[in-house]
Amino acid sequence: MKNIIREGNPILRARSSEMTFPLSNDDKQLAHDLMEFLENSQDEEIAEKYHLRAGVGLAAPQLAISKRMTAVLIPGPEGEEPSLKQVLINPTILSQSVQVAALSEGEGCLSVDRDVPGYVPRADRITLRYFDIEGVQHKIRLKNYEAIVVQHEIDHLNGILFFDHINNDKPFAIPNDAIMLE
Ligand SMILES: O=CN(O)CCNC(=O)c1cccc(Cl)c1Cl
Ligand code: NI
């Protein structure tokens, strides 16, 4: 299984580099590796066999590759298609809601080997621009859990980790009109 770097490695705190098209074969392999890791981590048997923590997103810097590429794989309802399965290259948040949302369970990160309790306030809705591995530009709107996961991943491309957003004095303080997602 791919080696995921942990906090303390400066790559996780760097701004990663824009990618150029056409992608090299290595970069296409990287896109595949990111998505494959997520699929494996969500497969009970494989995750068990390789002791993988499940992930719904993975960013290239977590594999020590400082490039602006991330994969997201958000399962849909049992036995249905994923609600979001995409490799995002040079993703940019074009606009975002004032409305704040946070996961009631907080967030976790494969590059952070510890629980960091607290709410991670993020935009509830985003308009995202990204390029796919063929270099085709897409603009999509995401909300709630999908928007939260994509923001967690884009943070990785900018050297930000989820706990940077947690209020250290009052980790469970959150705007009273924030949407709390189960
Ligand atoms: O950057 C990706 N990871 O670190 C993979 C492991 N974490 C998750 O899957 C995860 C867990 C909870 C909330 C969010 Cl938003 C995410 Cl993303
Ligand atoms: Ni992470």
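Residues numbered from 1 in each chain as written. Chains lettered and ligands numbered in written order. Predicted model: local features only at pLDDT ≥ 70, side-chain atom pairs only at ≥ 80, totals over all residues. Heavy atoms only, no water.

1. Focus on the sheet that holds strand β4 (residues 100–103)
Then, in step 1: Read across the sheet, three strands follow the order β5-β4-β8 without closing on themselves; strand pairing throughout is mixed. Because the sheet does not close on itself, it has two edges, and the strands there are β5 (122–123) and β8 (179–181).
Then, in step 2: Where β4 and β8 come together, three bridges link them in parallel fashion. Considered in β8, the bridge of Ala102 is made with Met180. (Pairing = 2+ DSSP bridges. Helix = DSSP H or I, 4+ residues; strand = E, 2+ residues; numbered from the N terminus.)

2. Looking at the site of ligand 1
Then, in step 1: Taken together, 14 residues lie around ligand 1, and Val56, Gly57, Leu110, Glu153 and His156 are the ones closest in.
Then, in step 2: With respect to ligand 1, the backbone of Gly108 contributes an N or O atom lying 3.1 Å from a nitrogen atom.
Then, in step 3: Notes on ligand 1: free accessible area 420 Å², of which the protein chains cover 92%.
Then, in step 4: Among the elements that make up the shell around ligand 1, the one with the highest residue count is helix α3 (residues 144–157) (five residues).
Then, in step 5: Looking at the shell around ligand 1 residue by residue, the classes come out as six nonpolar, six polar and two charged. (Near = heavy atom within 4 Å. Polar contact = N/O pair within 3.5 Å; in protein donor to acceptor, adjacent residues only side chain to side chain. Areas by Shrake-Rupley, 256 points an atom, 1.4 Å probe, with all protein chains shown as cover. Nonpolar A, V, L, I, M, F, W, Y, C, P; charged D, E, K, R; others polar.)

3. Observations concerning the coordination of the nickel ion (ligand 2)
Then, in step 1: Around the nickel ion (ligand 2), the protein contributes the donor atoms Cys109 (SG), His152 (NE2) and His156 (NE2), which lie 2.1 to 2.4 Å from the metal centre.
Then, in step 2: Taken in sequence order, the residues that donate to the nickel ion (ligand 2) follow the motif C-x42-H-x3-H. Of this pair, Cys109 sits in the loop between β4 and β5 while His152 is found in helix α3, placing the two residues 43 residues apart along the sequence. For the pair formed by Cys109 and His152, the shared burial category is buried. (Donors = N, O, S within 2.8 Å, 3.2 Å for Na, K, Ca; no water. Buried < 20%, exposed > 50% of the residue type's maximum accessible area, 1.4 Å probe, protein only.)

4. Side note on the UniProt feature "binding site: Fe cation" (unreviewed entry) in the chain
Then, in step 1: On the UniProt side, "binding site: Fe cation" (unreviewed entry) is annotated at positions that read Cys109, His152 and His156 here. These annotated residues cover 48 residues of sequence, and their C-alpha atoms all fall within 10.1 Å of one another, placing them together at a single site.
Then, in step 2: Not counting residues up to four positions away in its chain, the partners in contact with Cys109 are Arg53, Gln62, His152, His156 and Phe162.
Then, in step 3: With respect to the secondary-structure elements, His156 resides in helix α3.
Then, in step 4: If sequence neighbours within four positions are ignored, His156 has contacts with Leu12, Ala14, Ala59, Pro61, Gln62, Cys109 and Leu161. (UniProt positions renumbered as here; feature names shortened; annotations may be inferred. Contact = heavy atoms within 4.5 Å.)

5. Notes on the packing of aromatic side chains
Then, in step 1: Across all of its chains, the model carries three aromatic pairs by this definition.
Then, in step 2: Between Phe21 and Phe131 the ring centres are 5.9 Å apart and the planes differ by 45°, which places this aromatic pair in the tilted class. Pair noted here: Phe21 is in the segment before α1 (25–41) and Phe131 is in strand β6 (residues 125–131), with a separation of 110 residues, a long-range link.
Then, in step 3: Across the ring face of Phe163, the terminal group of Arg114 is positioned such that the distance to the ring centre comes to 4.8 Å. (Phe/Tyr/Trp six-rings, centres within 6.5 Å; stacked < 30°, edge-to-face > 60°. Lys NZ or Arg CZ within 6 Å of the ring centre and 35° of its normal.)

6. Notes on the UniProt feature "active site" (unreviewed entry) in the chain
Then, in step 1: Mapped onto this numbering, the UniProt entry annotates "active site" (unreviewed entry) at Glu153.
Then, in step 2: You can see Glu153 is positioned in helix α3.
Then, in step 3: If near-sequence neighbours (up to four positions away) are discounted, Glu153 is found in contact with Gly57, Leu58, Ala59, Gln62, Thr70 and Val72.
Then, in step 4: Looking at Glu153, its side chain comes within polar contact range of the main-chain nitrogen of Leu58, at 3.4 Å.

7. A look at α1
Then, in step 1: Taking 1.5 Å of rise per residue, the 17 residues of α1 would be expected to cover 24 Å, and the 24 Å separating its terminal C-alpha atoms lies within 8% of that figure.
Then, in step 2: Turning to α1, its buried residues number three or more, namely Asp27, Leu30, Ala31, Asp33, Leu34, Met35, Phe37, Leu38, Asn40 and Ser41.
Then, in step 3: Those residues of α1 that are buried lie in contact with α2 (44–50), β1 (57–59), β2 (69–74) and β3 (84–96). (Expected span 1.5 Å × (residues − 1).)

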